Amino acid sequence: MTTSPNSQAPDGPVLVVGGAGYIGSHCTALLQKRGVPVVVYDNLSTGHAESVDAPLVVGELSDRAQIAAALKEHKPKAVIHFAAKCYVGESVTDPATYYRENVHYTWNLLEEMRAAGVNDLVFSSTCATYGEPDEVPIPDNHKQDPINPYGRTKLHMEHMMADYSHAYGMRYAALRYFNAAGARAEGGIGEDHHPETHLIPLVLQVALGQRDKIMVFGSDYDTRDGTCIRDYIHVDDLGDAHLRALRHVQDGKGNLQCHLGTGNGFTVMEIIEAAREITGHPIPAEHAPRRPGDPATLVAGGSKAKDVLGWIPAKGDVRDVIRDAWAFHSANPKGYAGQA
């Protein structure tokens, strides 16, 4: 995963917008490991300054003057854009916030990039733009028909970038993730959300004694054990894909839209059982009714990222993902707040 020579690293400096967040901080660390100068732009509303060992500009995407000042001072050659609201349920109850912070604020960023002459962009999109899949594993060319405001705003953002590319010459890659998970193998940074909604850290909170049990929503799906199947991708593998995508764009090889997944699906109960094995904790589980809108199976198919970027996930076994996550959470049971 991380064995590409430095000659294949992107041209810097790179401005990582949302680089104090979970995936952004891992991408920032990998850029630095590859010797690429990097500056993080983040409002720290959900990100953590402790996760960043790079120049940090605390700024808002709502403030075009702040964006312009950061671009003028640091003169990046490219931008990687992670900043967005990302909770499906919240997007349904408060779509106005999602259209403002995801769509409008991205327009602010694109306009200031255009004014500064920064034309290369890698965008953190989502497999939620596909909606309810007609085919599983989901191919890269699956129709995009999102079923919630979160997915729709991300698709709007993709369309905006395509239009800016056509009209103004912007070069971009849109990377649609499946389930990001894990922590940096070298340690130090990991997943710390408030509130936490992702399965693996919630399971590990049980192992740490912070929860009595893990709730399993739905046990009657048409899967091998009745629980939902998801494709979990190690956050270090995601970071590697972003660097490869940016190098692809900077080399003038064309715009890119593809998803990022391992092609391996694991059920909720398989995740829990793997976590029991790795942590040595019984991790009690309680079954509950299905949640509305949870598809039975979401797994990546296709090979565009492999064919175009030469990207192959190094940690496709979910046990590797859980093992790295456990190393971070057991060392930092209070998250970044415990590092202060």
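The preceding data block contains the structure.
Reading the values: rules and limits
Every chain begins its residue count from 1, and numbering advances along the sequence as written. Given that the model is predicted, a residue must reach a pLDDT of at least 70 before its local features are reported, and side-chain atom pairs must reach 80 or more before they are shown or counted; all residues, however, enter totals for whole chains, interfaces and linings. Computation of side-chain values: all heavy atoms of the structure, hydrogens and water removed. Under the scheme used here, helices are H or I runs from DSSP no shorter than 4 residues and strands are E runs no shorter than 2 residues, and both carry numbers assigned from the N terminus. Radius of gyration: over C-alpha atoms. The globule rule applied is 2.2 Å multiplied by the number of residues raised to the 0.38 power. Burial status follows relative accessibility: with a 1.4 Å probe on protein chains alone, a residue under 20% of its type maximum counts as buried, one over 50% as exposed, and anything between as partly exposed. Should any heavy atoms of two residues lie within 4.5 Å, those residues are counted as being in contact. To get an axis, fit a line to the C-alpha atoms, keeping to the stretch in contact for a helix; angles then go from 0 to 180 degrees between the N-to-C directions. When an angle is under 35 degrees it counts as roughly parallel; over 145 it counts as roughly antiparallel; between 65 and 115 it counts as roughly perpendicular; any other value is oblique. Take the far helix as the reference: if the near one is turned anticlockwise from it by less than a right angle, the crossing is left-handed, and if turned clockwise, right-handed. Each residue is assigned to one class: nonpolar for Ala, Val, Leu, Ile, Met, Phe, Trp, Tyr, Cys and Pro, charged for Asp, Glu, Lys and Arg, and polar for all the others, Gly among them. At least two DSSP bridges between two strands are needed for those strands to be called paired. For a crossover, the right-handed case is the one in which the path from the first strand over the helix to the second runs clockwise, viewed with the strands pointing away from the viewer. The rule for a disulfide is simple: a pair of cysteine sulfur atoms within 2.5 Å. Residues grouped as a nonpolar core are buried Ala, Val, Leu, Ile, Met, Phe, Trp, Tyr and Cys residues, joined through side-chain atoms within 4.5 Å. The distinction between a cavity and a pocket rests on a 1 Å grid over the protein atoms alone: a 1.4 Å probe fits inside a cavity but cannot get out, while a pocket stays open yet meets protein on both sides within 12 Å along at least five of seven lines, and a residue with an atom within 4 Å of a point counts as lining. Grid points are joined across faces, edges and corners, and a volume is the space filled by probe spheres set on the points.

Outline the overall build of the chain, listing residues and values.
Of the regular secondary structure elements, the chain holds 10 helices and 14 strands. At 19 Å, the chain has a C-alpha radius of gyration in line with the 20 Å of a compact globule built from 340 residues. With respect to the three principal axes, the spread of C-alpha positions in the chain is 55 × 45 × 40 Å. Expressed as a percentage of its 340 residues, the buried residues of the chain come to 55%. The long-range share in the chain, meaning contacts at least 24 apart out of those at least 6 apart in sequence, stands at 78%.

Any details on helix H6 (residues 199-207)? Residues and values, ideally.
Taken across its 9 residues, H6 has 9 buried, putting it largely inside the fold. Among the residues making up H6, those that are buried are Leu-199, Ile-200, Pro-201, Leu-202, Val-203, Leu-204, Gln-205, Val-206 and Ala-207. Where H6 is buried, its residues contact strand E7 (179-181), strand E8 (214-217), strand E10 (232-234), helix H8 (268-279) and helix H10 (318-331). Gly-209 occupies a position one or two residues after H6 and carries a positive phi of about 80 degrees.

How would you summarise the packing of helix H4 (residues 95-116) against helix H5 (residues 149-168) if you had to cite specific residues and measurements?
Between H4 and H5, whose axes approach to 9 Å, the crossing angle comes to 20 degrees. The angle between H4 and H5 falls in the class roughly parallel. Viewed along their axes, H4 and H5 form a crossing whose handedness is right-handed. Between H4 and H5, the residues in contact are Pro-95, Tyr-98, Tyr-99, Asn-102, Val-103, Thr-106, Trp-107, Leu-110, Glu-111 and Arg-114 and Pro-149, Tyr-150, Arg-152, Thr-153, His-156, Met-157, Met-160, Met-161, Tyr-164 and Tyr-168, respectively. By residue class, the composition of the contact of H4 with H5 is 13 nonpolar, 4 polar and 3 charged.

Lay out the pairing of strand E1 (residues 14-17) in plain terms, naming residues and giving numbers.
Judged by which residues are buried, E1 turns out to be covered on both faces: Val-14 and Val-16 on one side and Leu-15 and Val-17 on the other are all buried. The sheet contact formed by E1 and strand E2 (residues 38-42) spans 4 bridges and is parallel. Looking at E2, one finds that Val-17 is bridged to Tyr-41. What joins E1 to E2 is helix H1 (residues 22-33), and the crossover it makes is right-handed.

Explain the state of the cysteines to me, using residue names and the numbers behind them.
Every disulfide links exactly two cysteines, by a covalent bond between their sulfur atoms. Summed over the entire model, instances satisfying the criterion amount to 0 disulfides. Looking at Cys-258, it has no disulfide partner, and the nearest cysteine sulfur is the one in Cys-127, 13 Å off. Look at Cys-258 and you get buried, because its relative accessible area is 0%.

Please give an account of the sheet that holds strand E12 (residues 266-267) that cites residues and values.
With mixed pairing, 3 strands are arranged side by side in an open sheet as E12-E9-E14. Looking at which strands have only one partner, the edges of the open sheet turn out to be E12 and strand E14 (297-298). As paired elements, strand E9 (residues 229-230) and E14 share 2 bridges and run parallel to each other. Note that in E14 the partner of Ile-229 across the bridge is Thr-297.

Outline the nonpolar core, listing residues and values.
Proteins that are soluble and globular tend to have nonpolar side chains buried together. Membership of the largest hydrophobic core comes to 36 residues, with the highest contact counts inside it found for Ile-23, Leu-31, Ile-80, Leu-175 and Leu-260. Sorting the residues of this core by element identifies E1, H1, E2, strand E4 (78-81), strand E6 (171-177), helix H7 (235-250), strand E11 (256-260) and helix H9 (304-309) as the ones contributing at least two each. For Leu-175, the contacting residues outside a window of four places in its chain are Val-122, Phe-123, Ser-124, Ser-125, Thr-126, Ala-241, His-242, Ala-245, Leu-256, Cys-258 and Leu-260. Listed in part, the 26 residues of the second largest apolar core include Ile-214, Ile-272, Ile-283 and Trp-326.

Lay out the layout of surface pockets in plain terms, naming residues and giving numbers.
Left-over empty space is what a probe sized like a water molecule reveals as it rolls over the atoms. Considering only enclosed or pocket space, the second largest pocket measures out at about 200 Å³ in volume. As for the second largest pocket, its lining consists of 16 residues, of which Gly-261, Gly-302, Ser-303, Lys-306 and Trp-311 are closest to the centre. Within the residue set of the lining of the second largest pocket, elements represented by two or more residues are E11 and H9. Among the elements that line the lining of the second largest pocket, the one with the most residues is H9, at 3 residues. Split by residue class, the lining of the second largest pocket holds 6 nonpolar, 7 polar and 3 charged.

I'd like a description of the packing of H1 against H7, backed by residues and values.
Packing of H1 against H7 leaves a shortest axis separation of 9 Å and a crossing angle of 60 degrees. Crossing of H1 against H7: the hand is right-handed. Contacts between H1 and H7 involve Tyr-22, Ile-23, His-26, Cys-27, Leu-30 and Leu-31 from the former and Val-235, Asp-236, Leu-238, Gly-239, Asp-240, His-242 and Leu-243 from the latter. Partitioned by chemical class, the residues of the contact of H1 with H7 number 8 nonpolar, 3 polar and 2 charged.

Account for the sheet that holds strand E3 (residues 56-58), naming residues and giving values.
Taken together, 7 strands build an open sheet; the order of strands is E3-E2-E1-E4-E5-E6-E11 and the sheet is parallel. Each edge of the sheet is formed by a strand with only one pairing partner; in this case those strands are E3 and E11. Averaged over all adjacent pairs, the angle separating strand axes in this sheet is 20 degrees, with direction ignored. Alignment of E6 against E11, held across 5 bridges, turns out to be parallel. Directly across from Leu-175, in E11, lies its bridge partner Cys-258. In the packing of H7 onto the sheet, contacts are made with E1, E4, strand E5 (120-126), E6 and E11, and the angle to E6 comes to roughly 160 degrees.

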